[in-house]
Amino acid sequence: MLVIGAGGAGLRAAIEASAAGVKVGLICKSLLGKAHTVMAEGGIAAALANVDERDSWKVHFADTMRGGQYVNNWRMAELHAKEAPDRVRELEAWGALFDRTSDGRILQRNFGGHKYPRLAHVGDRTGLEMIRTLQDHGIHRGLDVHMEFTVVTLLTEGSRVVGAFGYERERGRFKAFKAKAVVLATGGIGRAFRITSNSWEGTGDGHGLAYEVGAELIDMEFVQFHPTGMIWPPSVQGILVTEGVRGEGGVLRNSEGRRFMFDDIPENYRSQTADNPEEGWRYTQGDKNARRPPELLTRDHVARCIVREIKEGRGSKHGGVYLDIAWIKEKLPNAPDHIRRKLPSMYHQFKELAGIDITTEAMEVGPTTHYVMGGVRVDADTQMSTLPGLFAAGECAAGINGANRLGGNSLSDLLVFGKRAGEYAADFAKKNGTVKLDERQIETATSRALAPFERGAAAENPFKIQQDLQGTMQDLVGIVRMENEMVQALARVAEYKKRAENAGVTGHREYHTGWHTALDLRNLLIVSEAITLSAIDRKESRGGHFRQDYPDKAAPFGTLNIVTKKAPDGSMQVSHVPLQEMPSELKQVIDENK
Amino acid sequence: MTSATFRIWRGNRETGRFQDYTTPISEGMVVLDAVHRIQADQANDLAVRWNCKAGKCGSCSAEINGNPKLMCMTRLDTIDLSQPVTVEPMRAFPLIKDLVTDVSWNFRVKEGIKPFKPRKPDAPDGTWRISQREVDRVQEFRKCIECFLCQDVCHILRDHHLHSEFIGPRFLLYSAALEMHPLDTEDRLKDLKDKNGIGYCNITRCCTKVCPEHITITENAIIPLKERVVDEFYDPLSKLLRVFRS
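So, how was this worked out
Residues numbered from 1 in each chain as written. Chains lettered and ligands numbered in written order. Predicted model: local features only at pLDDT ≥ 70, side-chain atom pairs only at ≥ 80, totals over all residues. Core = buried A, V, L, I, M, F, W, Y, C linked by C-beta atoms within 7 Å. Buried ≥ 20, exposed ≤ 12 C-beta atoms within 10 Å, placed from the backbone. Helix = DSSP H or I, 4+ residues; strand = E, 2+ residues; numbered from the N terminus. Contact = placed C-beta atoms within 7 Å. Domains from an automatic or database assignment. Nonpolar A, V, L, I, M, F, W, Y, C, P; charged D, E, K, R; others polar. Expected span 1.5 Å × (residues − 1). Arc of directions from axis to C-beta. Pairing = 2+ DSSP bridges. Axes fitted to C-alpha atoms, helices over the stretch in contact; angles between N-to-C directions. Parallel < 35°, antiparallel > 145°, perpendicular 65-115°, else oblique. Left-handed = near helix turned anticlockwise from the far one by under 90°.

For the rest of this paragraph, the subject is the nonpolar core. Buried together is how nonpolar side chains tend to be arranged in soluble globular proteins. All names here are of chain A. One finds Met1, Val182, Val183, Leu184, Phe391 and Ala425 to be the most contacted residues of the largest nonpolar core, which totals 248 residues. For this core, the element with the most residues is helix H15 (residues 513-537), which contributes 13 residues. With residues up to four places along the chain from it excluded, the contact list for Leu184 reads Ile4, Gly5, Gly206, Leu209, Ala210, Val376, Phe391, Ala392 and Cys396.

Dropping the structure here:
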C-alpha cells in the first residue's frame, strides 16, 4: 500500500501498516522529517489526567464537541478522546521525551478550549519531538521512503483507488505506484491564502487529488485563522506564535493597554472563564479552583476579537495587537529565565527574526491562516473515504474538529487516526485482490504535467497566478465573510482556472520550482472553490466560519455538514448531509460537562 | 525601496557558475525572501529547498558570503549589502541543482545507528517515571533540526571526504542523545569507535560554531561520548578486568 504524506499522520499510518505485515511505500513531498508537523509547538492533547485527576476522555470529548460547535463527527471525537492517551504513551515507548511532573510522569499544559491541563509537550517544540520520534522509529520498520516526490493524480480502477502517479523533484522523472490501498496524509491548504503559517507544501494536495477522482469533501467552509501570527517585519507575516504563550500567562492588549478579551466572553463559555485578571493568572499557574483567562477561549473567537480591535482603530503599531508575556515579571521572581525555558523557540524566533526580546517587550500579533477543519469525508472507524481503497488521515481528512479545532487536538488527531488509517488500509489491502494500472490514465496525466513546458515562458507566470489567488482568498473569503464578496471571489477563481490552463515555464525538469508551482495550482484552485462555495452555502456563523451578513448561529445548519463533490459534467456540486444521531450515552456526557 | 544584488550559484551536477540578480529589498527581509523574490520575478527555475521559514525545519541550509547558515534566519540587515551577497549550496554534499544538494547520505547514516531500546516500564500501567532533570540533560541534543550545516563545515567530511568512515557531528550528537536518554539500554560505544569513526573528530568546534540551534555539540555531546569510549576500551583497569573475565 501507499501512504502519501510523511508528517505525523502519514508516518504513524505507515508504521502501523508495516507492523501489520504489509509492504508500505511512503511518499514525502519534502525530505523526511521536514513536514509541517515539525512546526507544531504547543502539545498533544490527551486526557492522561497526570496534572488534574478530574480529567477523562469524557471531558476531552465534550470539550472537542463544544469547540467544534457540535457539527463534528461525534464518533471521531469519541475515538480520539479515548485513544489519544495510549498514542502519547506509545510515543514515549518509542523514545519521545516529554516534560515531566514532579513525580516523574508526563507533564500537561493548559490550552484554549481544554477544561483541564491536557497537552503533553516538550517546551514549545512538541511537533519536532513527535515527528523525529516517528521518523526515527519508522526508518527501522522497512518502509520504502520516496523523498521529494509529488503526486499529481490518483489512479483508479472503476471507483477503486489503486495507485498514484507523480514526479520526483530531483530529476523531474515520472513514476507510477501500484497499491492495493492508498492513504492520503497530505496536510493543509494554507497556501490558498496570502497570510499563512503553512509552508509551500500546504497546497491542499490530498483534498484536490481525492476530489478529482470523485471522493467527497466536507466542511470546507471551516478554515481556522490562528489568532496569533507574527505581523512584523513583513517578511515574517503569518509565522505562528504558539498558543502556549497564552497558556503560560501571556495576555492580549490593544493600543490603549486594555485586556480586550474580557469584553466579549461567549455565553456557552462564561461559566468556565475567569472574570478578572487575577483569577486568570492563577489558572495559568495551575490553581485548580481558578477558571481560565479569556485569552484561552477558542481560536475562532480570539481571532475575531483581534480583528475587531484592529478594525475599530485600537490596533498595534503595525496593524495587529500586543501579546505580552514579559508582564509576568510582576508575578515571578525569575520571569526571563522562566520564559526562555518554557517558550524557547518563541524567544529565539522573535529575537532573530524581529529583533524583539519577549522577556522584556510585548510581541505584535495578528490572525494567520493556520488549519482547515474540512477535508476528505471519511468513515470514523476506518478512515476510508467515499471511494474504496482510498483512506485519509490528519488535516486532509475531516470530521473530528467540526467548525473549529482546539489547539493540541491536531497532533493527537494525527496519531489516533494515522494509526487507524494504517491499520484499516492494511486490512483492506490484505482482503482485496490485486490491481492493475490503466496506462491511458498515466498517459493523460503525463501530458497534462508536461503542458507548462510546451507553453513556455511567453505564457502566464505560475507564481503570479498563485499570488493573485492568495490575495483573492485573503481579502474576500477570510475571517469575516460576506455573500457579495464571496460571489466575486468565485468569479475570480474561475478566471484563475483559465489562467492556470495557460501557465508556462521554460528550462529543464530538474528541481524546477516554477513547474512545481504550476502543477500545484490545480489543487489550490479546487480547495479555494470548495471553501468559497461551502462558505456561501452556510448562511450562518459557526466556529471558524463567520458571516457578517449572518452573524448568528442558525439551528438548521447545526444539523448538517456541507459536501462538495465533482459532478459528472466536471463542475463542483454542493449538497448537504445530515449529522448522524448521537447515542444517548454521549449526549449525556455532553450534558454532564455543560 | 532599495535594492541589493545577490550572486547566486546556478548549476547542476556537471557545471555551474555564479549569476548576479538585483532585487528590491524591504525591512526585516531574510536571504530566503530575496531568493524567493528572484525566483518569482526573474528565475522561475531556480532550485531552492525550504519549508517552514522560521528556523524550525532545517531545509534551507546554504553558504551565505561563505558562512554556513539557514537562509530563512539570516536577516539582510546583518549583511553588508554594498557588495553582492554570495549564496551558494552546501559544499560538503554533491550538488543536485543551484542551491539544492544531495543530502541522502545523512539519512543512510542514521539508519545504521542502533535504535532506541527502552528499559522495562517502571509502573504496572506500562509507563515510566523520569525526572525533569534527566529530561533537561538531553533536551539540548533533541533540538537538532537536521539542517546538516554541522556536517557541511566538518573538515573530516568537507575536505577529507571520509563519509564512509565517519558519521559526522550530526550523528555523534544523535548517538549522544540516545546514549544519554534516561530510558535507553542499548550500547553504541563499540560502533562509535569501530564503525562510526568518533576518533577522527579532533574537536575543532566548527560544528558548534555554525549550529543554528546553538547546540554545544562538541563540549556537551562529542567530548562526553569520546570519554565513554575511552573508559570502555582504553582504560587500563577495565582492560585488565576484561582479560581476567575472558
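Let us look at the domain arrangement of chain B. Residue and element names in this part refer to chain B. Each assigned domain of chain B is listed here: domain 1 (2-101) and domain 2 (104-238). Contacts between the two partners involve 11 residues from domain 1 and, on the opposite side, 12 residues from domain 2. Residue composition of the side of domain 1 that touches domain 2, by class: six nonpolar, three polar and two charged.

In this model helix H13 (residues 462-476) of chain A runs 21 Å from its N-terminal to its C-terminal C-alpha over 15 residues, within 8% of the 21 Å that 1.5 Å per residue would give. Inspection of H13(A) places Pro462(A), Phe463(A), Ile465(A), Gln466(A), Leu469(A), Gln470(A), Thr472(A), Met473(A) and Leu476(A) among the buried residues, and these make up the whole buried set. Buried positions along H13(A) lie against helix H14 (483-500) and H15 of chain A together with helix H1 (31-41) of chain B.

Residues and elements named next belong to chain A. Looking only at helix H7 (residues 277-284), the buried set comprises Gly280, Tyr283 and Thr284. Seen from one end, H7 has its buried residues packed into an arc of 95°, which puts them on one side. If you follow the buried residues of H7, they end up packed against helix H6 (244-247).

Residue and element names in this part refer to chain A. By domain assignment, chain A separates into domain 1 (2-222 + 373-431), domain 2 (226-369) and domain 3 (451-561). Averaged C-alpha coordinates put domain 1 and domain 3 at centres separated by 24 Å. Contacts between the two partners involve 32 residues from domain 1 and, on the opposite side, 29 residues from domain 3. Those elements that place two or more of their residues in the side of domain 1 that touches domain 3 are strand E7 (149-157), helix H5 (205-212) and strand E11 (217-218). For the side of domain 1 that touches domain 3, the element with the highest residue contribution is H5, accounting for four residues.

What follows covers the pairing of strand E2 (residues 16-25) of chain B. Residue and element names in this part refer to chain B. With 10 bridges connecting them, strand E1 (residues 2-11) and E2 associate as antiparallel partners. In the sheet register, Phe6 faces E2, and the bridge partner there is Tyr21. Between E1 and E2, which pair antiparallel and follow one another directly, the connecting turn spans four residues.

Turning to unusual backbone geometry, a few remarks are in order. With an omega dihedral of -5°, the bond running from Trp232(A) to Pro233(A) counts as a cis peptide bond. Summarising the element assignment, Pro233(A) is placed in the loop between strand E12 (223-230) and H6. Although it is not a glycine, Ile203(B) adopts a positive phi angle of roughly 55°. Its location among the elements puts Ile203(B) in the loop between helix H7 (189-194) and helix H8 (206-210). Taking the number of C-beta atoms within 10 Å as the measure of exposure, Ile203(B) has 12 and is therefore exposed.

The next subject is the interface of chain B and chain A. Counting from both sides, the interface comprises 47 residues of chain B and, opposite them, 47 residues of chain A. Looking at the side of chain B that touches chain A, the elements with two or more residues in it are H1, strand E6 (95-97), helix H2 (104-111) and helix H3 (132-142) of chain B. A total of four residues in the side of chain B that touches chain A trace back to one element, the largest contributor, which is H3(B). Here the residues of the side of chain B that touches chain A sort into 22 nonpolar, 13 polar and 12 charged.

All names here are of chain A. Strand order in this open sheet of five strands is E6-E2-E1-E10-E17, and the pairing throughout is parallel. Edge positions in the sheet fall to strand E6 (144-146) and strand E17 (390-392), since each has one partner strand and no second. Here the average twist between neighbouring strands, direction ignored, is 20°. Summarising the sheet, strand E1 (residues 2-4) and strand E2 (residues 25-27) pair through three bridges and their orientation is parallel. From the neighbouring strand, Leu2 faces E2, where its bridge partner is Gly25. Of the strands in this sheet, E1, E2 and strand E10 (182-184) are in contact with helix H1 (residues 8-19), which crosses E1 at around 170°.

Before going further, it helps to examine the packing of H3(B) against helix H6 (residues 168-179) of chain B. All names here are of chain B. Direction vectors running N to C along H3 and H6 enclose 160°, while the axes themselves pass 9 Å from each other. As summarised for this structure, H3 and H6 are arranged roughly antiparallel, according to the angle between their axes. Classified by chirality, the crossing of H6 by H3 is left-handed. Where H3 approaches H6, its residues Val138, Phe141 and Arg142 are matched on the opposing element by Leu173, Ala176 and Ala177. Looking at side-chain class alone, the contact of H3 with H6 contains five nonpolar, no polar and one charged residues.

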